[in-house]
There are 2 protein chains.
Amino acid sequence: MTKDRASLSSIDRPRRATLRDVARLSGVSEISVSRVMRDAPSVSERLRSRVLAAANELGYTPNRLAGALKTASSNLVAVIVPSIGNGVFPEVLNGIESVLAEAGLQPVLGITQYDKAREVQVLRDMLAWSPMGVIMAGTDHEPAVRRMIDQHDIPVVEFMDVDGDPMQSSVGISNIKAAIAVADLLAERGYKRPGYIGAWSERPDRSRVRREAFERRLQEVGIPLVDKEIALVPASAEIGAQTTERLLQRAPDIDAIFFANDDQALGALFHLQRTGRRVPEEIGLIGFNGIEIGCATPTILASVVTPRFQMGVETAKLLLAKADNLSSRTVMDLGFEIRLGESI
Amino acid sequence: MTKDRASLSSIDRPRRATLRDVARLSGVSEISVSRVMRDAPSVSERLRSRVLAAANELGYTPNRLAGALKTASSNLVAVIVPSIGNGVFPEVLNGIESVLAEAGLQPVLGITQYDKAREVQVLRDMLAWSPMGVIMAGTDHEPAVRRMIDQHDIPVVEFMDVDGDPMQSSVGISNIKAAIAVADLLAERGYKRPGYIGAWSERPDRSRVRREAFERRLQEVGIPLVDKEIALVPASAEIGAQTTERLLQRAPDIDAIFFANDDQALGALFHLQRTGRRVPEEIGLIGFNGIEIGCATPTILASVVTPRFQMGVETAKLLLAKADNLSSRTVMDLGFEIRLGESI
DNA sequence: ATTAGTAATGTCAACGTTGTCATTTTCATT
DNA sequence: AATGAAAATGACAACGTTGACATTACTAAT
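What counts, and at which threshold
Residues numbered from 1 in each chain as written. Chains lettered and ligands numbered in written order. Predicted model: local features only at pLDDT ≥ 70, side-chain atom pairs only at ≥ 80, totals over all residues. Helix = DSSP H or I, 4+ residues; strand = E, 2+ residues; numbered from the N terminus. Rg over C-alpha atoms; globule rule 2.2 N^0.38 Å. Buried ≥ 20, exposed ≤ 12 C-beta atoms within 10 Å, placed from the backbone. Contact = placed C-beta atoms within 7 Å. Nonpolar A, V, L, I, M, F, W, Y, C, P; charged D, E, K, R; others polar. Least-squares fit on C-alpha atoms with pLDDT ≥ 70 in both. Near = placed C-beta within 6 Å. Pairing = 2+ DSSP bridges. Axes fitted to C-alpha atoms, helices over the stretch in contact; angles between N-to-C directions. Core = buried A, V, L, I, M, F, W, Y, C linked by C-beta atoms within 7 Å. Arc of directions from axis to C-beta. Expected span 1.5 Å × (residues − 1). Right-handed = clockwise from strand over helix to strand, strands pointing away. pLDDT = per-residue confidence, 0-100. Parallel < 35°, antiparallel > 145°, perpendicular 65-115°, else oblique.

**Q** What exactly am I supposed to notice about the overall build of chain A here?
**A** Looking only at helices and strands, chain A features 12 helices and 12 strands. Taking 2.2 N^0.38 as the reference for a compact globule, 344 residues should give roughly 20 Å; the C-alpha atoms of chain A span a radius of gyration of 27 Å, well beyond that estimate. Oriented by its inertia axes, the alpha-carbon framework of chain A measures out at about 90 × 40 × 40 Å. The buried share of chain A, taken over its 344 residues, is 50%. Relative to all contacts within chain A whose residues are 6 or more apart in sequence, the contacts with residues 24 or more apart total 70%.

So this is what it looks like as structure tokens:
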């Protein structure tokens, strides 16, 4: 019964230093240490340096869990994307991160695998950490998502898509406008028998929206869609080659194809060239997203170039703005650009 | 002086429900609610359902900040990568996430921009959240990194590279072995005048390690490196074309090039074909990483195929294992595969 | 030297959980 | 019915921080 304190944690190894430890060592109060660590005002230079020295000596690291609990706010930002496999989300993420890091915020990553139910689960898990904001892809969610957001009332920005109805704000491009632009382009260039190729059963929904708009517009301009082929698996160059082959088997007279993504489009381009079909003379190709490699191919791939990095940047910036003014509502259409290339 | 409580938060809007609220509504103690929410043992079915009903009615979400503070442990995992722009880290991340999600863990993403000082800062910020583990790229860090890890004693797995000396465990491939394999391949195929192309001033260091091993081995097998060209900017297809052109300008008799990455290699491949040089007859090309698109090109790109997704998976699995047994030390060499393709 | 006003520091009580330990209930045995 | 053991529930005190408010130390004006 001699020893009475500090024998709780495992023998000897000093547990993580706390404010109290720093306070004791530097002979000031805990709150003063807290103020120094947070660069709060009203701290004398003398006290500050004394505290800093002690903190340094102990290797003190603030415990954000405690701080965030007390202040009911954190520097965490929930970032929810459907996937990180293909090239589009990493680039947006990159933009998001660059802005968040600047502002001292930390992204917590959630991946939904294009599964709406999972999205709800992921969001729930993230909200448990009281993030200061939420960034998520797309505007089409389970009702539970909106409820949760409302309850926590926390800023949210949805990115990718500007066609849908956002909970608060959205940043992206209009897939419908893009589809129309491509349809018009095909008509203008004199194509008569257009086809369409997609992947992964049109996940996410916005690719379906785009295709439907494409079909509608083609109808309007008098060159209705001849046929389409939607792969069941995620997009890839190889799948692009396969789906193209299948599509052309069924409808050999197709003279142009609009792809849901550049991976498939490139696969198709290479495949057609390999098998001796001339692009764009015999068949025109246009992809979607405008990935960098498409600019370097012997035949430059035509594509709808989406501003992915910028989208991330603007999304994050908008979130920061909303943190100050929650009620603001913004829909930011960043627009796209059609790179004509040589394949159409 | 009539009203006395609950008038703190903004008028009317109910703040987030807590355990206490659920407890009151269901007429049980807070700790019981806690137990139900955590699926702790020793809870009767009757109580469980009563609590669940109340929790549901209030839309209760546990506050992990409080829980984690109390238990001094979280389900957060710090994941620190140099970049998310190029194709390699997203794929690893993908693997990591798939395993973490399965285990109910959440990745917090930190990006260092290949900056060692920034890595320290990022790690510090993340440790403030008491993550249950840390995953970081590479084995070469500032001394402060190791100190922080030691102090928090927390499991860490370093991925990418298995040549260096890990803090605890590492998962990846040996860049040195890969470099040797490529050098040997070139010799074996009868190339006499090899060149090398890299990017971004050889960030990260492991690309430098690889090149040096490459040079050393070439020396050994009697076909010393003729020349190299390291771009100052990040890798891309376009840069690949430029650097190749520059290299060949200086040393037109180079008959094979080893690239630090596939983006540059593909850019080079396309560029050479565009400008009428035959690959591999006049010049052989081999890249690094084995990105998917390289398999689909008219001339299939030779490359060192790295198991990026698997690397992520094994890294995360290893972290989970270490969570149970902190002291375990493992170095897991996943190996690589050389895809010969048609460009060499 | 007194005063008033500001800057610097401190005390105390939360924030929402959960671990420990105490108490009560339940249930199979005798 | 009495007993004991196990299961179910609860009371209480932390976890490490910070906001509100109180106190003390300075500074400048009289």
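From this point, the narrative continues.
**Q** What exactly am I supposed to notice about the interface of chain A and chain B here?
**A** Often, the extent of an interface is quoted as the loss of accessible area on bringing the components together. Contact with chain A, which involves 45 residues of that partner, is made by 45 residues of chain B. The set of elements that each furnish at least two residues to the side of chain A that touches chain B consists of α4 (64-71), α5 (88-102), β2 (106-111), α6 (116-127), α10 (237-250) and α11 (262-274) of chain A. Among the residues making up the side of chain A that touches chain B, the classes are represented as 24 nonpolar, 13 polar and 8 charged.

**Q** Got a minute to help me understand the relation of the copies chain A and chain B in this structure?
**A** Two copies of a chain can be linked by a rotation about an axis combined with a shift along that same axis. The two copies are related by a screw motion: chain A maps onto chain B through a turn of 180° and a shift of 0.0 Å along the axis, at an RMSD of 0.1 Å. Both chain copies can therefore be described as sitting about a two-fold axis. Minimal C-alpha distance to the rotation axis in chain A is attained by A:V108, lying at 2.2 Å. When the interface residues of chain A are mapped onto chain B, 100% of them again fall at the interface, so both copies present the same face.

**Q** Help me out: how do you make sense of the protein's contact with DNA strand D in this one?
**A** Neighbouring DNA strand D are 26 residues; A:L19, A:S34, A:A66, A:G67 and B:S32 lie closest to it. Secondary structure elements with two or more residues in the surface near DNA strand D: α1 (19-26), α2 (30-37) and α4 of chain A together with α2 (30-38), α3 (45-58) and α4 (64-71) of chain B. For the surface near DNA strand D, the element with the most residues is α4(A), which contributes 5 residues. Along the lines of polarity and charge, the residues of the surface near DNA strand D split into 11 nonpolar, 9 polar and 6 charged.

**Q** Can you walk me through the protein's contact with DNA strand C in this structure?
**A** In the region of DNA strand C, 26 residues are neighbours, and B:L19, B:S34, B:N63, B:A66 and B:G67 sit closest. Elements supplying a minimum of two residues to the surface near DNA strand C: α2, α3 (45-58) and α4 of chain A together with α1 (19-26), α2 and α4 of chain B. Split into classes, the residues belonging to the surface near DNA strand C amount to 11 nonpolar, 9 polar and 6 charged.

**Q** Looking at this model, I keep getting lost on the sheet that holds strand β9 (residues 284-289) of chain A. Mind explaining?
**A** Two modes of strand pairing occur in sheets, parallel and antiparallel, and in both the strands are linked by backbone hydrogen bonds. Residues and elements named next belong to chain A. Spatially, 6 strands are ordered β7-β6-β8-β9-β10-β12 in an open sheet, and the strand pairing comes out mixed. A strand with exactly one partner marks an edge of an open sheet, and here the two such strands are β7 (227-230) and β12 (337-339). With strand direction ignored, the average angle separating the axes of adjacent strands in the sheet is 20°. When strand β8 (residues 256-259) meets β9, the two strands line up parallel, connected through 3 bridges. Paired with F258 across the bridge in β9 is I286. Across the sheet, helix α9 (residues 205-220) touches β6 (194-198) and β8, and the angle it forms with β6 is around 175°. Contacts from α11 reach β6, β8, β9 and β10 (302-305) within the one sheet, and its direction differs from that of β9 by about 155°.

**Q** Mind showing me how you'd approach the nonpolar core here?
**A** Nonpolar side chains in soluble globular proteins tend to be buried together. With 95 residues, the main nonpolar core has A:I257, A:F259, A:L285, B:I257, B:F259 and B:L285 as its most contacted residues. In this structure, A:F259 is in contact with A:I197, A:G240, A:Q264, A:A265, A:A268, A:L285, A:I286, A:G287 and A:F288, ignoring residues within four places of it in sequence. Counting residues in each nonpolar core, the second largest holds 87 residues, with A:A78, A:I96, B:F159 and B:A316 among its members.

**Q** Sorry if this is basic, but what is going on with the environment of A:V77 here?
**A** All names here are of chain A. With respect to the helices and strands, V77 occurs in strand β1 (residues 76-81). Here the alpha-carbon distance between V77 and S130, two residues 53 residues apart in the chain, equals 8.8 Å. If sequence neighbours within four positions are ignored, V77 has contacts with L100, L105, Q106, P107, V108, P131, M132, G133, I135 and L319.

**Q** In this structure, what is going on with α4(A)? I would like to understand it.
**A** Residue and element names in this part refer to chain A. Among the residues making up α4, those that are buried are R64, L65, A68 and L69. All buried residues of α4 fall inside an arc of 135° around its axis, so they share one side. In α4, those exposed residues whose orientation departs by more than 90 degrees from the buried face are K70 and T71. Taken from the residues just after α4, A72 is the one with a positive phi, measuring 55°.

**Q** Mind showing me how you'd approach helix α10 (residues 237-250) of chain B here?
**A** Owing to its 3.6 residues per turn, the α-helix aligns residues three or four sequence positions apart on the same side. Residue and element names in this part refer to chain B. Given a rise of 1.5 Å per residue, 14 residues ought to cover 20 Å, and the 20 Å separating the end C-alpha atoms of α10 matches this to within 8%. Turning to α10, its buried residues number three or more, namely A237, I239, G240, A241, T243, T244, L247 and L248. Check the buried side of α10 and you find it contacts β6 (194-198), β7 (227-230), β8 (256-259) and α11 (262-274).

**Q** Would you mind showing me how to read the sheet that holds β7(B) here?
**A** Residues and elements named next belong to chain B. The 6 strands lie next to each other as β7-β6-β8-β9-β10-β12, forming an open sheet whose pairing is mixed. With one partner strand each, in any of the chains shown, β7 and β12 (337-339) form the two edges of the open sheet. The average undirected angle you get between the axes of adjacent strands in this sheet is 20°. Where strand β9 (residues 284-289) meets strand β10 (residues 302-305), 4 bridges bridge the pair, whose relative direction is parallel. Of the residues in β10, the one forming a bridge with F288 is V304. Each of β6, β7 and β8 is contacted by α10, which is oriented at about 150° to β7, the strand it contacts most.

**Q** Please clarify how the pairing of β2(A) should be interpreted in this entry.
**A** If a strand is regular, its side chains alternate between the two faces of the sheet. Residues and elements named next belong to chain A. In terms of burial, β2 is a largely internal element, 6 of the 6 residues being buried. Because side chains alternate across β2, one face comprises the buried residues Q106, V108 and G110, and the other comprises P107, L109 and I111, equally buried. Here 6 bridges tie β1 to β2, and the two strands are oriented parallel to one another. Paired with L76 across the strands is Q106, a residue of β2.

**Q** Looking at this structure, I do not really get the environment of B:D263. What am I missing?
**A** Note on placement: B:D263 falls in helix α11. Separated by 176 residues in the primary sequence, B:D263 and B:G87 have C-alpha atoms spaced 9.0 Å apart.

**Q** Got a minute to help me understand the pairing of β1(A) in this structure?
**A** Residue and element names in this part refer to chain A. Most of β1 is tucked away: 6 of the 6 residues are buried. Here β1 shows no split at all, with L76, A78 and I80 on one side and V77, V79 and V81 on the other all buried. With α5 bridging β1 and the parallel β2, this β-α-β connection has right-handed handedness. Across 4 bridges, the pairing between β1 and strand β3 (residues 133-137) is parallel. Each bridged residue has a counterpart across the sheet, and for V79 the counterpart in β3 is I135.

**Q** Could you clarify how one ought to interpret the confidence of the model for chain A in this entry?
**A** Parts of the model with low pLDDT should not have their predicted coordinates read in detail. Averaged over every residue, the pLDDT of chain A is 92; the share at 70 or more is 96%. The model gives residues 1-12 of chain A a pLDDT under 50, and that stretch makes 1 contact with residues more than four places away or in other chains.

**Q** Sorry, what's going on with the environment of B:A235 here?
**A** Residues and elements named next belong to chain B. Its place among the elements puts A235 in the loop between β7 and α10. Look at A235 and you get buried, because 26 C-beta atoms sit within 10 Å. Counting along the chain gives 54 residues from A235 to A181, while the straight-line C-alpha distance between them is 23 Å.

**Q** Got a minute to help me understand the packing of α2(A) against α3(A) in this structure?
**A** The description of two packed helices rests on the angle between their axes and on the distance between the axes. Residues and elements named next belong to chain A. Relative orientation of the contacting elements α2 and α3 amounts to 90°, with a least axis distance of 10 Å. When the axis of α2 is compared with that of α3, the two are roughly perpendicular. Of the residues in α3, those touching α2 at S32, V33 and V36 are L47, R48, V51 and L52. Here the residues of the contact of α2 with α3 are counted per class, giving 5 nonpolar, 1 polar and 1 charged.

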